[in-house]
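# Residue-level structural notes
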Amino acid sequence: MQPEAHAKAALEVAVLVSIGRHPLTGRARRADQDARGVELAMSLDKARITLMHAGALDDDSESALRGYLGMGFQTLTLVEQPRDADVIPALASALSETKPQLVISGERAEQGEGSGLLPYLLAERLGWPVVSGLASVEKVEDGVATLLQALPRGQRRRLQVRLPAIVTVDAAASAARQSAYGPARRGELRCTEALAVPDEASSEWTVQPARKRPKRLKIVKAASARDRFKAAAAKAEGGGGQVLTDVTPEQGAEAIFKLLKEEGVLR
Amino acid sequence: MTGILRRDPRQEWIARNRLHPEHERVLAELGQGTAVATEWVGPNGVIRKNPHAVGFIGPNGIKRIDRSGVQQAASAGRGVGHESAAADSRRRVEIDAPAFLVAVVPDMAGGRLSSHDRDLLGLARQLADADSEQPGAVLAVVFGNHKEDGFGEAGVDRLLHLDEEVFDGYMPEARLAALSTVERELAPYHWLLPDSKLGGADLGRRLAARIQERPATGVWQIEKDDACELGWRCTARGAAGTTDIQRALPRVVLALAECAEPVSETRHAVQPLALSQVLPPLLGRIEDLGQVAVDPAGVALAEAEFILSAGNGIKDWDGFHHAAKVLGATEGASRVAVDDGFMPRHRQVGATGTWVTARVYVAVGISGAIQHLQGIQSCEKVVAINLDPGCDMIKRADLAVIGDSASILAALVDMVEQQREEKRDAA
Ligand SMILES: Cc1cc2nc3c(=O)[nH]c(=O)nc-3n(C[C@H](O)[C@H](O)[C@H](O)COP(=O)(O)OP(=O)(O)OC[C@H]3O[C@@H](n4cnc5c(N)ncnc54)[C@H](O)[C@@H]3O)c2cc1C
């Protein structure tokens, strides 16, 4: 195959990666969802993948970013930003320069605000569609990607989106491969400069470790002590259920069929 | 009837005195019939009871007093000033000229308000009712068809129902366009959406990005604070749920479940509202190709949406498995079915098995032992097929069919297959 032809057919994919935080030890690591995003990109055929991170470079973040390199990459683009910067403008300008067809990110960061807004804000700025919660990408053809979106309860939905687009991965996407130490050491962090816009609003917030949320009490509104006692002691009774006796199996089946249809569980 | 108690002490005295010659007549007059008075208000306003007059003679000739209230309820209406308690005690609230609007976009999973939606409406009411001089109104924006008729009880003052076909399925672009129109026309003071996966979480972030408001996500508490711009501050989860961020409440809020108590004391006028503009046609770049058939056997029992569960009443196991396959249901089982070796252990539902959260649970030949019922507490609709009309599963079920499991399942399978056939012919 000619190198040019190959380059034309290749799908430009950018994966936005962030610094994760281990839930127990609090140490910096590769973020789980972003690593899944990298894995998703690696499952695509003929994709040319760029890893991109916007943030500060220090010991912690370097070891975390090398975790992504250890999945089998030579370089990672690091858009240098100070700690408290709003990274959207920097990322948007970096993406509009490199012009990827598909941008993959995690659903929300494991540090900072973790609001999960980044893909939406980038999409709005670049004017691209955004699709959230992917389980996998089925195929990319003629500038249209066919995606599988993960729904609650193990369900899946098939979507088509016109490229370029931004997608986020769900925890249902396949787990990331291990990071190998050698490639992680050898990989290169390619730093680029970008304009830094400070995030002013967040400086007014107070951030604390998460408090345990109060458990909701079952409040019984009853006029008398007897009603309150009954509510506390009674076992849950459905009540008001419809009971069909003396019906033929067909009539019974029909009633069930109607209920299943109403609830929309039959396909 | 006026609510004031009118008392005649002499009559009451006669009613108490069983030996008085006019005792019977007075009792009849007081509306206590031929029975002896059991309870009356004494001269000092204290309730007096006559223990000789209550109860009945049990089968063994011993007097029994039933304190469960069954008898009391039967003889209700004896006293004076007795109001009927069954009437709906919720206060009616109508807000004709709201000072502002609080817009809520509920998820309406399965066409009904979810408990998350109700919590969110409770939060919306807190925001709307904070100033009793100038109350705001809660506006619910609902997409697509719904089966909900309890909007008023949930706290909705205004309802904007957009049921055009373009909103069916995963149509974030169309919905976003509609919400932007609402923003332009009605300019709600607050936007509240549930921070729930693929529902409000997705739509809310799109909306915030479009109308360029920085939202608060993962909000679980709000409190009044006049130092803030909108008069409220909130606590939100950040960094994948490991931190709490205290900040001023912004206009767009994505709130977690249990962020507030749902509305229970008032009932609101659900006034329909419509947009004056016709929504412009939209060239969507995201196309929904519909749900993919996943193998129901591969779905974990705990998160399955539709479970067909087998108990000791199943004799025809091939028929059961076939039915589960045709209906596209995940299989569950009672302990007896598992112990007898008909089903694998990981399919057991109940206290020692899996606690399931299915939306529809069909129990076939399961008697409904408490250990089994515990496991299906959070199921929404329960259907029972059983021979015994008196068993506990029937009491729990929303729909119960009394009959033989094998023949009912077979009829159901026929019906589903026949309907699929018709659909295929029509297509
Ligand atoms: C410590 C402990 C833990 C337990 N944990 C669990 C648990 O986690 N999960 C669990 O399920 N059980 C559990 N059990 C067992 C539980 O108490 C019951 O024994 C069990 O649930 C009963 O199963 P069943 O309803 O299938 O059987 P049965 O009680 O025998 O009921 C069979 C039902 O099928 C009906 N039937 C019979 N023939 C037909 C027919 N042809 N068509 C239609 N209906 C028919 C009958 O009328 C009857 O109602 C536990 C018990 C203990 C002691």
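Residues numbered from 1 in each chain as written. Chains lettered and ligands numbered in written order. Predicted model: local features only at pLDDT ≥ 70, side-chain atom pairs only at ≥ 80, totals over all residues. Heavy atoms only, no water.

### Notes on the sheet that holds strand S12 (residues 243–248) of chain B
- One open sheet holds the 10 strands; their spatial order is S14(A)-S12(B)-S11(B)-S10(B)-S13(B)-S9(B)-S6(B)-S7(B)-S8(B)-S15(B), and the pairing between them is mixed. For this open sheet the edge positions go to strand S14 (206–209) of chain A together with strand S15 (271–273) of chain B, each flanked by a neighbour on one side alone. On average, each strand axis in the sheet is tilted by 30 degrees relative to the strand beside it, whichever way the strands run.
- Across 4 bridges, the pairing between S14(A) and S12(B) is antiparallel. Across the sheet, A:Gln208 pairs through a bridge with B:Asp244, a residue of S12(B).
- With respect to the sheet, helix H4 (residues 115–128) of chain B is in contact with strand S6 (101–104), strand S7 (137–143), strand S9 (190–194), strand S10 (216–224), strand S11 (232–238) and strand S13 (252–255) of chain B, its orientation differing from that of S9(B) by roughly 160 degrees.
- Those strands touched by helix H6 (residues 172–186) of chain B are S6, S7, strand S8 (158–162), S9 and S15 of chain B, and its axis lies near 155 degrees from that of S7(B). (Pairing = 2+ DSSP bridges. Helix = DSSP H or I, 4+ residues; strand = E, 2+ residues; numbered from the N terminus. Axes fitted to C-alpha atoms, helices over the stretch in contact; angles between N-to-C directions. Contact = heavy atoms within 4.5 Å.)

### Things to note about the side chain of A:Gln81
Residue and element names in this part refer to chain A.
- Along the chain, the position of Gln81 falls in the loop between strand S5 (75–80) and strand S6 (85–86).
- A relative accessible area of 3% means that Gln81 is categorised as buried.
- Reaching out from Gln81, the side chain makes a polar contact with the backbone oxygen of Leu195 at a distance of 3.3 Å.
- When neighbours within four sequence positions are excluded, Gln81 is seen to be in contact with Ala54, Gly55, Ala56, Asp86, Val87, Ala90, Ala194, Leu195 and Ala196. (Buried < 20%, exposed > 50% of the residue type's maximum accessible area, 1.4 Å probe, protein only. Polar contact = N/O pair within 3.5 Å; in protein donor to acceptor, adjacent residues only side chain to side chain.)

### A short note on the site of the ligand
All names here are of chain B.
- Inspection of the region around the ligand gives 25 residues, with Ser334, Thr352, Ser367, Asn386 and Asp404 positioned closest.
- Within the backbone of Val349, one N or O atom sits 2.8 Å away from a nitrogen atom of the ligand.
- In the environment of the ligand, an oxygen atom lies 2.9 Å from a nitrogen or oxygen atom belonging to the backbone of Ala351.
- Coverage of the ligand by the protein chains reaches 72% of its 980 Å² of free accessible surface.
- Counted by class, the shell around the ligand contains 6 nonpolar, 15 polar and 4 charged residues. (Near = heavy atom within 4 Å. Areas by Shrake-Rupley, 256 points an atom, 1.4 Å probe, with all protein chains shown as cover. Nonpolar A, V, L, I, M, F, W, Y, C, P; charged D, E, K, R; others polar.)

### Here's the deal with the UniProt feature "domain: Electron transfer flavoprotein alpha/beta-subunit N-terminal" (unreviewed entry) in chain A
- Per the UniProt entry, the sites bearing "domain: Electron transfer flavoprotein alpha/beta-subunit N-terminal" (unreviewed entry) are residues 36–188 of chain A in this numbering.
- Span residues 36–188 of chain A is 29% helix and 35% strand, its end C-alpha atoms 21 Å apart. (UniProt positions renumbered as here; feature names shortened; annotations may be inferred.)

### Regarding the domain arrangement of chain B
- Annotation of chain B at the domain level lists domain 1 (7–64), domain 2 (95–272) and domain 3 (297–426).
- For domain 1 of chain B and domain 3 of chain B, the distance between their C-alpha centroids amounts to 54 Å. (Domains from an automatic or database assignment.)

### Overview of unusual backbone geometry
All names here are of chain A.
- Pro164 follows Leu163 through a cis peptide bond whose omega is 0 degrees.
- Structurally, the position occupied by Pro164 is in the loop between strand S10 (156–162) and strand S11 (165–169).
- Positive phi outside glycine occurs at Lys46, with the angle close to 45 degrees.
- When you line up the elements, Lys46 lands in the loop between helix H2 (32–42) and strand S4 (47–55).
- For Lys99, which is not a glycine, the phi torsion comes out positive at approximately 50 degrees.
- Tracing the backbone through its elements, the reader meets Lys99 in the loop between helix H4 (88–98) and strand S7 (102–105).
- On the basis of relative accessibility, which here comes to 58%, the residue Lys99 falls in the exposed class.

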